[in-house]
Amino acid sequence: MSDHQPGTSGNRLPIAARIIAIANQKGGVGKTTTAVNLATALAQAGHPVLLIDLDPQGNASTGLGIDRRDRPAGTYAMLVEDAPPASLIMPTLVKLLDIIPADPDLAGAEVELVSLDRREFRLRTALGALSGSRYAQIVIDCPPSLGLLTLNGLVAAGAVLVPLQCEFFALEGISQLVRTIERVKKNLNPGLSLQGIVLTMFDRRNNLSDLVAADARSFFGDRVYQTVIPRNVRISEAPSHGKPVLLYDSRSPGALAYIQLAHEFLQREGAVAA
Ligand SMILES: Nc1ncnc2c1ncn2[C@@H]1O[C@H](COP(=O)(O)OP(=O)(O)O)[C@@H](O)[C@H]1O
Ligand SMILES: [Mg+2]
């Protein structure tokens, strides 16, 4: 069946954005690093991406060179004050990658959302206004908790990507997250799926990294990405320069791993032939 319409040809052809939430209630496991660098790698591969910074710490915004002072309004205004998302979008230093930054008020949102109507659906409703926009992918960087901000991320998304740090107890934490995803799926967002698990901060000199990786693979099977993100000092240096590692040191092992992750991500999404 043809659904071609006159006047919609050209590179601004509206595409349905896929929305992916990067979530894990543990802090410091590589959510923001993965959100920023996966988004950058996808943009560099030619896919227009919008990153949503849902963490009051605003590390994704800072890591993309958007200083706290330069953030007039962002996700707080969108979630709590009904500001239209299109008015909050800012370009980043990465071509084809835009962001809705975390504004300094976002820390209050977790409490203020409680009394709002349809509090779990605020982000989903807001992002609905972007349907038909030029973005091929929307990436949501969730905060380190399972509170209302993360819940908004999970209700808005079609899929969740879980970064798993290769350390002791990593799998215990993830079972709570998996239960939360199942609950959201059952009650609030039937379309949600656990798209994948990505092993982060892998240290090949450390036997524990291998053990955690093997455990994760035996438990979650091929939902665990083949690509593993190594522990790499260039990754941790990049944010203080306000840059994704792909721009800070494009040939570092960390940058190469995120490029490979993006490739595998696109294969999973069916955007390139496997
Ligand atoms: N693969 C890695 N190698 C080295 N440092 C990393 C790596 N991934 C993340 N980091 C660093 O670890 C810290 C926590 O990562 P971050 O992505 O902010 O975690 P989260 O968003 O889950 O709290 C940051 O300082 C980050 O730069
Ligand atoms: Mg973070």
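Computed from a predicted structure; not experimentally measured. (Residues numbered from 1 in each chain as written. Chains lettered and ligands numbered in written order. Predicted model: local features only at pLDDT ≥ 70, side-chain atom pairs only at ≥ 80, totals over all residues. Heavy atoms only, no water.)

With that settled, consider the confidence of the model for the chain. When pLDDT is averaged across the chain, the result is 91; 93% of the residues are at 70 or more. A low-confidence stretch, residues 1-14 (pLDDT under 50), is modelled with 4 contacts involving residues beyond four sequence positions or located in other chains. (pLDDT = per-residue confidence, 0-100. Contact = heavy atoms within 4.5 Å.)

Our focus in this paragraph is the site of ligand 1. Surrounding ligand 1, one finds 14 residues, the nearest of these being Gly-28, Thr-32, Thr-33, Pro-230 and Asn-232. Between Gly-28 and ligand 1, the recorded distance is 2.7 Å, taken from a backbone N or O atom to an oxygen atom. Interatomic distance of 3.1 Å between a backbone N/O atom of Gly-30 and an oxygen atom of ligand 1. In the complex, 80% of the free accessible area of ligand 1, which totals 560 Å², lies under the protein chains. When each cavity is represented as a set of grid points, ligand 1 is found to reside in the largest pocket. (Near = heavy atom within 4 Å. Polar contact = N/O pair within 3.5 Å; in protein donor to acceptor, adjacent residues only side chain to side chain. Areas by Shrake-Rupley, 256 points an atom, 1.4 Å probe, with all protein chains shown as cover. 1 Å grid on protein atoms, 1.4 Å probe; cavity = no way out; pocket = protein on both sides within 12 Å on 5 of 7 lines; lining within 4 Å. Sits in = over half its atoms within 2 Å of the grid points.)

Moving on: helix α7 (residues 170-187). A rise of 1.5 Å per residue sets the reference length of α7, with its 18 residues, at 26 Å; its end C-alpha atoms lie 27 Å apart and thus fit the reference within 8%. Looking at α7, one finds that the buried residues are Ala-170, Gly-173, Ile-174, Leu-177, Thr-180, Ile-181 and Val-184. On an axial view of α7, the arc spanned by its buried residues comes to 115°, and they lie on one face. Away from its buried face by more than 90 degrees, α7 exposes Glu-172, Arg-179, Arg-183, Lys-186 and Asn-187. Among the structural elements, α6 (148-156), β6 (159-165), β7 (193-200) and α8 (207-220) are those in contact with the buried residues of α7. (Helix = DSSP H or I, 4+ residues; strand = E, 2+ residues; numbered from the N terminus. Expected span 1.5 Å × (residues − 1). Buried < 20%, exposed > 50% of the residue type's maximum accessible area, 1.4 Å probe, protein only. Arc of directions from axis to C-beta.)

One non-glycine residue, Asp-82, adopts positive backbone phi at about 60°. A positive phi is found at Leu-96, a non-glycine position, where the angle reads about 70°. Its location among the elements puts Leu-96 in the loop between β3 (90-91) and β4 (97-100).

Looking now at the layout of surface pockets. The computed volume of the largest pocket comes to approximately 510 Å³. Lining the largest pocket are 30 residues, and of these Gly-30, Thr-32, Thr-33, Met-201 and Ile-235 lie nearest its centre. Going through the elements one at a time, α1 (31-44), α2 (59-63) and α9 (233-237) are the ones with two or more residues in the lining of the largest pocket. When residues in the lining of the largest pocket are grouped by element, the largest group, 5 residues, is from α1. Among the residues making up the lining of the largest pocket, the classes are represented as 14 nonpolar, 12 polar and 4 charged. (Points joined across faces, edges and corners; volume = space filled by probe spheres on them. Nonpolar A, V, L, I, M, F, W, Y, C, P; charged D, E, K, R; others polar.)

The 7 strands lie next to each other as β3-β4-β2-β5-β1-β6-β7, forming an open sheet whose pairing is mixed. The open sheet has two edge strands, β3 and β7, and neither has a second partner. For strand β2 (residues 49-53) and strand β5 (residues 137-141), the ladder comprises 5 bridges, and the chain directions are parallel. In the strand pairing of β5, Leu-51 is matched with Val-139. Along the sheet face, α6 touches β1 (18-22), β5 and β6 and points at about 150° away from the line of β1. Against the sheet, α8 engages β6 and β7, with an angle of about 165° to β7. (Pairing = 2+ DSSP bridges. Axes fitted to C-alpha atoms, helices over the stretch in contact; angles between N-to-C directions.)

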